[in-house]
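Each chain is listed here by its residues.
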Amino acid sequence: DLAPDLVVVGAGFFGLTIAERCAAELDLKVLVLERREHLGGNAWSEADPDTGIEVHKYGAHLFHTSNAKVWEYVNRFTDFTGYQHRVYSQHGGEVYPLPINLGTINQFFRSAHSPAQARELIAEQASELGGKEPENFVEKGVSLIGRPLYEAFIAHYTAKQWQTDPEKLSADIITRLPVRYTYDNRYFNDTYEGLPVDGYAAWLERMADHPNIEVRTGVDFREHREEYVGRVPVVYTGPVDEYFDHDEGRLSWRTVDFEREVVDTPDFQGCPVMNYPDADAPYTRIIEFRHFHPERDYDSEQTVIFKEFSRFAEDTDEPYYPVNTPEDRAMLMRYRDRAKAEDNVLFGGRLGTYKYLDMHMAIGSALSMFENKLRPHFADGEALT
Ligand code: FDA
């Protein structure tokens, strides 16, 4: 057992990046506490027991970034495949490419519009409100892409995601709905994209594989807080409201239920992600994991799929997406003030900041915390605030 110089709570990408940098660059002894039985946080993946296919246990994880520093950093721990993400959507018994692009538009309207003609058509359909300020989600959606496309691809999908009639959702949930007037259906626009060649678990384990790092899984910080807080610097990546015993209230989250099925066919849907934007399917989308790694030649005659169901999180559910109501934002401000006043404890990651962060953002923000707070503290004796 190490007498730690630093305690990190949570072994997700944020916590592991902090631990790795402090161990490798500053030669600190880092103790990482993780309450799950495995490290890696929500990016964790494992081999499906029936098919051997790598499944992302907490939802599909696609790595993409335009941040050259982050790309250089992550490549120290894993190589990436040339995977490029593409999504399809099954509406009214037909399959369309997403994000909405010229292919989607021409298939939907049974047309052969040029980019300029398609632009004109969508602009005309989007002008339905005649310049009136959108008052709810529906009006906002219609004002962005016109009613026909909104109703086909967005209305029910959103209702399923939020379990709420879109008429009752605020207009500011969306600021834009991207429409591409080309046939490009690559999902991400980032400079770098790919999946870890030998999986997320191997990548995450390599980050923790340093003689100065000890990861203790199955350990909840809440039961050990007196041993560490005030005695040794702490980087906390758990839920910020939980740290303060929900004194200011509970921040609200959406969660996703995954219904796993092993199907007796080597290929269920021909692509990794199929959205179901119609009301008759109760799920929002189906993930078929084997398609994330076409280079692997999985030899299973079966395939594993996850159907995704979205809903508001209860206290015992995994928190996935911040709901971010005005009440949540006001509560978050109070928690932020309290977090700032907490000596020698830094809050980070998606749970510690109540922010949806992609992996590259979690890693990037951990690298910044290391450079701007932890290095000055440990190397130059500056206070940790
Ligand atoms: P993360 O949640 O991973 O880790 C926090 C860890 O802290 C957890 O392991 C938790 O158990 C632990 N913990 C909390 N409280 C504790 C306590 N009291 N004691 C001990 N341990 C405690 N990103 C992307 O780039 N591409 C994608 O495709 C996706 N897809 C995606 C799908 C879904 C459904 C979600 C919810 C998220 C994504 N993401 C994503 C985002 C990605 O999951 C996210 O960027 C990382 O998980 C962030 O890492 P963190 O370390 O911040 O949190």
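See the structure printed just above.
The residue count restarts for each chain, going from 1 along the sequence in the order it is written. Side-chain atom pairs in this predicted model are given and counted only at pLDDT of 80 or more, local residue features only at pLDDT of at least 70, and totals for whole chains, interfaces and linings cover all residues. Side-chain figures throughout are based on the complete set of non-hydrogen atoms in the structure, without hydrogens or water.

A. Representation of the overall build of the protein. Per the secondary structure count, the protein includes twelve helices and 16 strands. Taking 21 Å as the expected radius of gyration for a compact globule of 385 residues, we find that the protein reaches 23 Å, a close match to that expectation. C-alpha extents for the protein along the principal axes are approximately 70 × 55 × 35 Å. When accessible area is computed with a 1.4 Å probe and restricted to protein chains, residues below 20% of their type maximum are described as buried, those above 50% as exposed, and intermediate ones as partly exposed. Here the protein holds 385 residues, and the buried ones make up 54% of them. Throughout, a contact is declared for two residues whenever any of their heavy atoms are within 4.5 Å. The long-range share in the protein, meaning contacts at least 24 apart out of those at least 6 apart in sequence, stands at 72%. For the accessible areas, the method is Shrake-Rupley and the probe is 1.4 Å, while residue cover comes only from the protein chains on display. Accessible area for the protein stands at about 17,900 Å²; split by element, carbon and sulfur atoms hold 47% of it. Both charge centroids of the protein, one from 40 positive and one from 66 negative side chains, sit 4 Å from each other. Numbering of helices and strands runs from the N terminus; a helix is a DSSP stretch of H or I covering at least four residues, while a strand is a stretch of E covering at least two. Atoms counted for the radius of gyration: C-alpha only. Globule rule: 2.2 Å times residue count to the power 0.38. Neither His nor the chain ends contribute to the count of charged residues, in which Lys and Arg are positive and Asp and Glu negative. Taken as the charge centre is NZ of Lys, CZ of Arg, CG of Asp or CD of Glu, depending on the residue.

B. Up close: the sheet that holds strand β7 (residues 94-98). What makes two strands pair is DSSP finding at least two bridges between them. An order of β7-β6-β12-β13-β14-β11-β15 is seen for the seven strands of this open sheet, with the pairing classed as mixed. With partners counted over all chains shown, the strands left at the sheet margins are β7 and β15 (321-322), one partner each. Summarising the sheet, strand β6 (residues 87-91) and β7 pair through five bridges and their orientation is antiparallel. Considered in β7, the bridge of Tyr-88 is made with Pro-97.

C. Structural context of the pairing of strand β11 (residues 253-263). The pairing of β11 with β15 spans two bridges and is classified as antiparallel. Within β15, the residue paired with Arg-254 across the bridge is Tyr-321. Where β11 meets strand β14 (residues 303-312), ten bridges bridge the pair, whose relative direction is antiparallel. If you follow Phe-258 over to β14, its bridge partner there is Glu-308.

D. Layout of the pattern of salt bridges. A pairing counts as a salt bridge when a side-chain nitrogen of Lys or Arg comes within 4 Å of a carboxyl oxygen of Asp or Glu. This model, assessed by the stated rule, comprises 29 salt bridges. With a closest N to O distance of 2.9 Å, Arg-35 and Glu-242 form a salt bridge. Here Arg-35, found in the loop between β2 (30-34) and β3 (45-47), pairs with Glu-242, found in helix α9 (residues 240-243); they are 207 residues apart in sequence, far enough to count as distant. Salt-bridge contacts for Arg-285 lead to Glu-308; the nearest nitrogen and oxygen are separated by 2.8 Å. Of the two residues, Arg-285 sits in strand β13 (residues 285-288) while Glu-308 sits in strand β14, which places them 23 residues apart along the sequence. When salt bridges with common partners are traced through the structure, they connect Glu-20, Arg-21, Glu-25, Glu-371 and Arg-375 into a single cluster.

E. How the structure looks around the environment of Tyr-276. Looking at where Tyr-276 falls in the secondary structure, it is placed in the loop between β12 (273-275) and β13. Here Tyr-276 falls in the buried class, since its relative accessible area comes to 13%. Apart from residues lying up to four places away in sequence, Tyr-276 is in contact with Gln-90, Tyr-157, Lys-160, Ala-281, Tyr-283, Thr-284, Arg-285 and Ile-286.

F. Just the layout of surface pockets, in detail. Put plainly, a pocket is an open set of points on a 1 Å grid over the protein atoms alone with protein on both sides within 12 Å along at least five of seven lines, a cavity is a set where a 1.4 Å probe fits but cannot get out, and a lining residue has an atom within 4 Å of a point. Grid points are joined across faces, edges and corners, and a volume is the space filled by probe spheres set on the points. Size it by volume and the second largest pocket reaches roughly 540 Å³. Taken together, 23 residues form the lining of the second largest pocket, with Phe-347, Gly-348, Thr-353, Met-369 and Lys-373 sitting closest to its centre. Looking at the lining of the second largest pocket, the elements that each hand over two or more residues are α10 (326-341), β16 (345-347), α11 (349-353) and α12 (359-380). Residues are grouped as follows: Ala, Val, Leu, Ile, Met, Phe, Trp, Tyr, Cys and Pro are nonpolar; Asp, Glu, Lys and Arg are charged; every other residue, Gly included, is polar. When the residues that make up the lining of the second largest pocket are grouped by side-chain class, the tally is ten nonpolar, eight polar and five charged.

G. Examining the packing of aromatic side chains more closely. The aromatic pairing rule takes the rings of Phe, Tyr and Trp, using the six-membered ring of Trp, and pairs them if the centres are within 6.5 Å, calling planes under 30 degrees apart stacked, those over 60 edge-to-face and the rest tilted. Within this structure, the stated rule accounts for 33 aromatic pairs. Aromatic pair Phe-63 and Trp-203: ring centres 5.5 Å apart, planes at 80°, arrangement edge-to-face. Here Phe-63, found in strand β5 (residues 63-65), pairs with Trp-203, found in helix α7 (residues 200-208); they are 140 residues apart in sequence, far enough to count as distant. The exposure class assigned to Trp-203 is buried, which follows from its relative accessible area of 0%. One cation-aromatic arrangement involves Arg-36 over Tyr-58; the distance from NZ or CZ to the ring centre is 4.0 Å. A ring has a charge above it when a Lys NZ or an Arg CZ is no more than 6 Å from the ring centre and no more than 35 degrees off the ring normal. When the ring centre of Tyr-243 is taken as reference, the NZ or CZ atom of Arg-225 above it lies at 4.5 Å.

H. Seen up close, the side chain of His-56. Residue placement: His-56 occurs in strand β4 (residues 54-56). On the basis of relative accessible area, His-56 is assigned to the buried category, the value being 1%.

I. Quick peek at the nonpolar core. By size, the foremost hydrophobic cluster in this structure holds 106 residues, and its most contacted members are Ile-18, Phe-63 and Trp-203. Of the residues forming this core, the biggest block, eight residues, is contributed by helix α1 (residues 13-26). Definition of nonpolar core: a set of buried residues of the types Ala, Val, Leu, Ile, Met, Phe, Trp, Tyr and Cys, connected through side-chain atoms within 4.5 Å. In this structure, Val-263, Tyr-276, Ile-286 and Ile-305 belong to the second largest nonpolar core, which totals eight residues.

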